[in-house]
Amino acid sequence: MLPILQVGPVAIQTPGLIILLGIWIGLSFGEKTCKWFYLQPEDLYNIITIAILAGILGARLTFVLNNLGAFAIKPLNIFSLNLDLLDPIGGLLFGALAILIYIQRKKINGWDLLNSVTPFLAIMNISIPLANLASGNGFGAITNRPWGVNLWGAKRHPTQIYETLAGFIILTAILIIIKRNAISRYHFSIFSIFIIFIAAERLFLEKFRGDSVTILGGFRTNQLIAWIVLAIGLILYIKIPHKNESKKLKT
Amino acid sequence: MRNISDKNKTILSAIVLLVGLIWIWTSRVDAQSITQDHIATPQIGFVAPDFSLKNQTDESVVLSEFMGNVILINLWASWCLPCRKEMPIMQRVYQDYKDKGFIVFAVNVTNQDNRSDAIAFFEKNNLSFPLLFDDTGDVSNLYRLHSLPTTFFVGRDGIIDDIVYGGPMSEALIRTKVEQMLKDTP
């Protein structure tokens, strides 16, 4: 666990650094793979940059609107660099809206886009648990297994490591599937396969988490969401490809 | 017409979803085992580790005696610029919410600082919340201090609600967190 990297007088937040590295590697990687799905690298860069900027602006705007009283005293705090002053749901909505506007203007097929960003998302799926490993977040449930790690006052499942390994397996599987052109008949299936994989990952590994949010009956909320996403992914994989069989992967 | 392969896919998907439901059922936990409230460690969701430190008048201040309040524990040093910048901000918020059950503990990492500088800074800035001295560095170790300042927001139930590494924190950040915590745990 290394939440802060002290470089002289500068304290760098390691989890944030890992996420940034993930974005950079994901973009570099996506640049090479996006052509397979009929998307130009500059469009991929534009879309991800616009999504991040719109997401941050939207997250801050929503946070400010939800907490107007706190900002009324010091309005300049709206421009504070503090990342805690962001509303994630607002950020997601604004980011998604910005992407929709961009692809409509550029006449980019939505499925092509989703396939193009799949390798990027697969890399982010590795960098997030690595960031959790640095911060100590996303910790595991208490265990007496020999591979348990001492964290937060107890021996726990190393869930961050489980999730990182799962992320590598998913990335490898995605790349193998693309490379082998195994799904060329259903070229946009790669995104649905990816969401099947990550939903299955979350469904399985959530059991070992020690920070799960539960609802009535002791069910873990993330597992229920993952099951719904898994069902959507399977439906997409089975049903939708029939409408677009002719398009081949450009490998 | 759908081919046999698609039929197999549908059957396989149904099996996967069924196995998923069984897995969800076996993963159920009672809320008691998932909450971390029985372990004291400096992480969100856990009990804030207890400590006893001396204040300016050499009286002992014990954290656990203030449970029931929303507490901001700020680890700081007088030579640390961001720490100095955020102190007056914390004072303004403290002034506005202290009557509603909000307390600030400014824990000076005295093993890396000195008492006289900390007291002088407090007096110069008219800071009225408790100044505590961690002479041995035990509390810094207990709270796994990595950088200055580090701030822990502790709810009325003694559970750490948030941690902010570095600074200075904006006034809006402190206000929104304190308002939310006062609302969440009446």
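Residues numbered from 1 in each chain as written. Chains lettered and ligands numbered in written order. Predicted model: local features only at pLDDT ≥ 70, side-chain atom pairs only at ≥ 80, totals over all residues. Heavy atoms only, no water.

An account of the overall build of chain B is requested, with residue identities and associated values reported.
In terms of regular secondary structure, chain B is built from six helices and nine strands. By the compact-globule yardstick of 16 Å for 186 residues, chain B is too spread out, its C-alpha radius of gyration being 23 Å. In terms of overall dimensions, chain B has C-alpha extents of about 85 × 30 × 30 Å along its principal axes. Taking all contacts inside chain B whose residues are at least 6 apart in sequence as the whole, residues at least 24 apart take part in 70%. (Helix = DSSP H or I, 4+ residues; strand = E, 2+ residues; numbered from the N terminus. Rg over C-alpha atoms; globule rule 2.2 N^0.38 Å. Contact = heavy atoms within 4.5 Å.)

Report on the interface of chain B and chain A, specifying residues and quantitative values.
Counting residues at the interface gives 40 residues for chain B, matched by 48 residues for chain A. Summing both partners gives a buried area of about 3800 Å² for chain B against chain A, and 62% of it is carried by carbon and sulfur. Together, B:L17, B:W23 and B:I24 form the three largest contributors to the area buried by chain B at its contact with chain A, with a combined 16%. The interface formed by chain B and chain A includes zero salt bridges. Inspection of the region where chain B meets chain A yields 10 residue pairs in polar contact (both at pLDDT 80 or more). Mapped by element, the contributors of at least two residues to the side of chain B that touches chain A are α1 (4-26), β1 (36-40), β9 (160-165) and α6 (171-184) of chain B. Broken down by element, the residue count for the side of chain B that touches chain A peaks at 12 residues, all from α1(B). Among the residues making up the side of chain B that touches chain A, the classes are represented as 17 nonpolar, 13 polar and 10 charged. (Buried area = accessible area lost by both parts, 1.4 Å probe. Salt bridge = Lys/Arg side-chain N within 4 Å of Asp/Glu carboxyl O. Polar contact = N/O pair within 3.5 Å; in protein donor to acceptor, adjacent residues only side chain to side chain. Nonpolar A, V, L, I, M, F, W, Y, C, P; charged D, E, K, R; others polar.)

Go over the pattern of salt bridges, please, and point to the residues and values.
For the structure shown, the criterion picks out nine salt bridges over all chains. Of the charged contacts, one joins A:R209 and A:D211 as a salt bridge, the two residues approaching to 2.7 Å between their closest N and O atoms. Overall, A:D211 belongs to the partly exposed group, its relative accessible area being 29%. One salt bridge connects B:E171 with B:R175, and the closest N-O pair in it is separated by 2.9 Å. Of this pair, B:E171 and B:R175 are both found in helix α6, four residues apart, which corresponds to roughly one turn of the helix. Accessibility classification places B:E171 together with B:R175 in one group, the buried group. Beyond isolated ion pairs, a larger network of salt bridges with shared partners links A:E163, A:R202, A:E206, A:R209 and A:D211. (Buried < 20%, exposed > 50% of the residue type's maximum accessible area, 1.4 Å probe, protein only.)

Any details on the packing of helix α1 (residues 14-33) of chain A against helix α5 (residues 110-135) of chain A? Residues and values, ideally.
Each pair of packed helices can be described by the angle between their axes along with the distance between the axes. All names here are of chain A. It is at 8 Å that the axes of α1 and α5 come closest, and there the two elements cross at 165 degrees. Looking at the two axes, α1 sits roughly antiparallel to α5. For the element pair α1 and α5, the recorded crossing hand is right-handed. Contacts between α1 and α5 pair T14, P15, I18, I19, G22, I23, I25, G26, L27, F29 and T33 from the former with S116, P119, F120, I123, M124, S127, I128, L130, A131, A134 and S135 from the latter. When grouped by side-chain class, the residues that make up the contact of α1 with α5 number 15 nonpolar, seven polar and no charged. (Axes fitted to C-alpha atoms, helices over the stretch in contact; angles between N-to-C directions. Parallel < 35°, antiparallel > 145°, perpendicular 65-115°, else oblique. Left-handed = near helix turned anticlockwise from the far one by under 90°.)

Help me get a handle on the state of the cysteines, residues and values and all.
Residue and element names in this part refer to chain B. Across all of its chains, the model carries one disulfide over all chains by this definition. One disulfide in the model links C80 with C83; its S-S distance is 2.2 Å. Note on the C80 and C83 pair: the S-S dihedral is about 80 degrees, so by sign convention the disulfide is right-handed. By the burial criterion, C80 is buried, and C83 matches it. (Disulfide = S-S within 2.5 Å.)

Give a description of the packing of α5(A) against helix α6 (residues 159-179) of chain A that names residues and reports values.
All names here are of chain A. Between α5 and α6, the shortest axis-to-axis distance is 8 Å and the interhelical angle comes to 170 degrees. Classed by the angle they form, the pair α5 and α6 counts as roughly antiparallel. As α5 packs across α6, the resulting crossing turns out to be left-handed. Contacts between α5 and α6 involve T118, P119, A122, I123, N125, I126, P129, L130, N132 and L133 on the former and, on the latter, Q160, I161, E163, T164, G167, F168, I170, L171, I174 and I178. Of the residues that constitute the contact of α5 with α6, the class distribution is 13 nonpolar, six polar and one charged.

Pulling in residues and values, what's your account of the sheet that holds β9(B)?
Residue and element names in this part refer to chain B. Taken in spatial order, the seven strands of this open sheet run β4-β3-β7-β6-β5-β8-β9, and their pairing is mixed. The sheet terminates laterally at β4 (60-62) and β9, the two strands that pair on one side only. In this sheet, adjacent strand axes meet at a mean angle of 30 degrees when their direction is disregarded. Both strand β8 (residues 150-154) and β9 contribute to a ladder of five bridges, which runs antiparallel. Considered in β9, the bridge of T151 is made with V164. (Pairing = 2+ DSSP bridges.)

So what about unusual backbone geometry? Which residues, and what values?
Residues B:L148 and B:P149 are joined by a peptide bond in cis, for which omega reads -10 degrees. The backbone of B:R144 shows a phi angle near 45 degrees, a positive value even though the residue is not glycine.

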